[in-house]
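Chain by chain, the residues:
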Amino acid sequence: MDMSHGSIMDSKIVLADRVLRIKPSPTLAVNAKAKALKAAGADILNFSVGEPDFDTPEHVRNAGKQAIDEGFTRYTAVPGIPELREGVARRLQIDHGWDYSPEQIQVSCGGKHGLYNMAQALFGPGDEVLIPAPYWVSYPDIIQLAAATPVILPLTEEKDFDLEADVLARYATERTKGIILNSPSNPTGSVYSLEALTAIAQMAKEKGWVIITDDIYDTITYGDASLPHILNVAPELKDQTLILNGVSKSFAMTGWRIGYTAGPKHVIAAMNKIQSQSTSNPSSVAQKAALAAVTGPQDFPITMKKAFLPRLDFIMAALAEIGDVPCVRPRGAFYVFPNVSAYFGRSFKGKTITGSVELADYLLDEALLATVPGAAFGADRFIRFSFATSMEVIEEGMKRFAEALKRLE
Ligand SMILES: *Cc1c(COP(=O)(O)O)cnc(C)c1O
């Protein structure tokens, strides 16, 4: 697949440096290519999607419809409607015991946009932001759009992609202004241990770092119920922490575009200024739907988890059977991230697989399997499969994957 970001020049207009420094989201690009091939009649099995394969729950859809019918279709307050900010604050209190006032909440056009507002409000030239890799594809580019510098910390599968204190110390400098945490992680599904969070908390306290914690998958976890969280490890860090979350994953609402941030009042106010001069407010209708999600019954993510678990078990068993694609068992989210580097250097019809991009290309062309190359997540030895797809697709897909690997010589 074309992971390049060169554009075809059909006019003399010169683009800004800013846009030349970043690339389009590779996951969205693979998904678009898979969908196009499928529309053209190819029997593509799509493992590239980063969204639940569930419909938005009915009570949430109805709240959206009702908002339209009642004419709730005008501009709203920039940071989101007050009842949604209150609802989010109450959710954070009930689920985690954290105290946030509505003025400490911003509702944005999806979680990604919340991160964008945050980066624009917090970071600038000369600032370094620590990003543990494998990372979510958008972190480095959003930091770069703020003219700041992403600094990538390597995590290893040997340590279950946990963060180690000595790695943290090695990459921190005087210019470090913040760190982005994502637990459970997209793409690895790993969660940070208590020890890792303790080490991060200690460094952050010492150096005054901003901690951005992307909790978008916090309702989709497998196994032991309690997920260690930096704010529970070190509650005193609350005034230098920003919590990023939203309804995209937990309520299967990716297309509605509602995310939210909780943090110190002056940071939220700065983010509101950015939002007021860019998107004005998230969709009024989507906010009403999100209100139903955050204030209504909370069993939907549990239902999803119940569907995801057998799929995860099946994939892990299928990978184990292949034998040489080791995979750390995810503890949350809906992705597996096997190490496929045993196949690097092998070839098919004279074409050598040199890395994850070539392997993902090969799988798409020869096995009609859409996956996302690890390179997109800063980890070239891996590829990502989403299991937010049906059991039939997973069974057939794992068969095709095993056969395709066997054909490489
Ligand atoms: C999906 C996702 C988000 C948020 O996505 P939105 O669709 O913008 O709400 C944030 N972080 C990670 C790691 C994600 O996978």
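Keep in mind the model is a prediction, meaning the values are calculated, not measured.

## Focus on the overall build of the protein
Logical step 1: What the protein contains, in helices and strands, is 14 helices and 14 strands.
Logical step 2: Against the 2.2 N^0.38 benchmark of 22 Å for 409 residues, the protein shows a C-alpha radius of gyration of 21 Å, consistent with a compact globule.
Logical step 3: Taking the principal axes of the C-alpha coordinates as reference, the protein spans close to 60 × 60 × 55 Å.
Logical step 4: Relative to its full complement of 409 residues, the protein shows a buried share of 55%.
Logical step 5: Sequence-distant contacts in the protein: of pairs separated by 6 or more residues, those separated by 24 or more amount to 72%.
Logical step 6: Surface accessibility of the protein: about 17600 Å² in total, with carbon and sulfur atoms responsible for 54%.
Logical step 7: Side chains of the protein carry 40 positive and 47 negative charges; the gap between the two charge centres is 4 Å.

## What to know about the pattern of salt bridges
Logical step 1: For the coordinates displayed, the defined rule picks out 12 salt bridges.
Logical step 2: With its nearest N and O atoms 3.1 Å apart, the salt bridge here joins aspartate 53 to arginine 311. One end of the pair, aspartate 53, is in the loop between strand E1 (45-46) and helix H3 (58-69); the other, arginine 311, is in helix H12 (residues 300-322), and 258 residues separate them in sequence.
Logical step 3: Accessibility expressed as a relative area gives 34% for aspartate 53, which makes it partly exposed.
Logical step 4: Between arginine 91 and aspartate 95 there is a salt bridge whose closest N-O contact spans 3.0 Å. Pair noted here: arginine 91 and aspartate 95 are both in helix H4 (residues 82-96), with a separation of four residues, about one helical turn.

## A short note on the sheet that holds strand E6 (residues 210-214)
By definition, the strands of a sheet pair up through backbone hydrogen bonds, in either a parallel or an antiparallel sense.
Logical step 1: Pairing in this open sheet of seven strands is mixed, and the strands run E2-E8-E7-E6-E5-E3-E4 from one edge to the other. Looking at the sheet topology across the chains shown, the edges are occupied by strand E2 (105-108) and strand E4 (149-154). Strand-to-strand twist in this sheet, taken as the mean axis angle between neighbours without regard to direction, amounts to 20°.
Logical step 2: Against the sheet, helix H6 (residues 138-145) contacts strand E3 (128-133), E4, strand E5 (176-182) and E6, and its axis sits at roughly 155° relative to E4.

What counts, and where the lines are drawn
- Residues numbered from 1 in each chain as written.
- Predicted model: local features only at pLDDT ≥ 70, side-chain atom pairs only at ≥ 80, totals over all residues.
- Heavy atoms only, no water.
- Helix = DSSP H or I, 4+ residues; strand = E, 2+ residues; numbered from the N terminus.
- Rg over C-alpha atoms; globule rule 2.2 N^0.38 Å.
- Buried < 20%, exposed > 50% of the residue type's maximum accessible area, 1.4 Å probe, protein only.
- Contact = heavy atoms within 4.5 Å.
- Areas by Shrake-Rupley, 256 points an atom, 1.4 Å probe, with all protein chains shown as cover.
- Lys, Arg positive; Asp, Glu negative; His and termini not counted.
- Charge placed at Lys NZ, Arg CZ, Asp CG, Glu CD.
- Salt bridge = Lys/Arg side-chain N within 4 Å of Asp/Glu carboxyl O.
- Pairing = 2+ DSSP bridges.
- Axes fitted to C-alpha atoms, helices over the stretch in contact; angles between N-to-C directions.

Keep in mind these numbers describe shape, not what the thing actually does.
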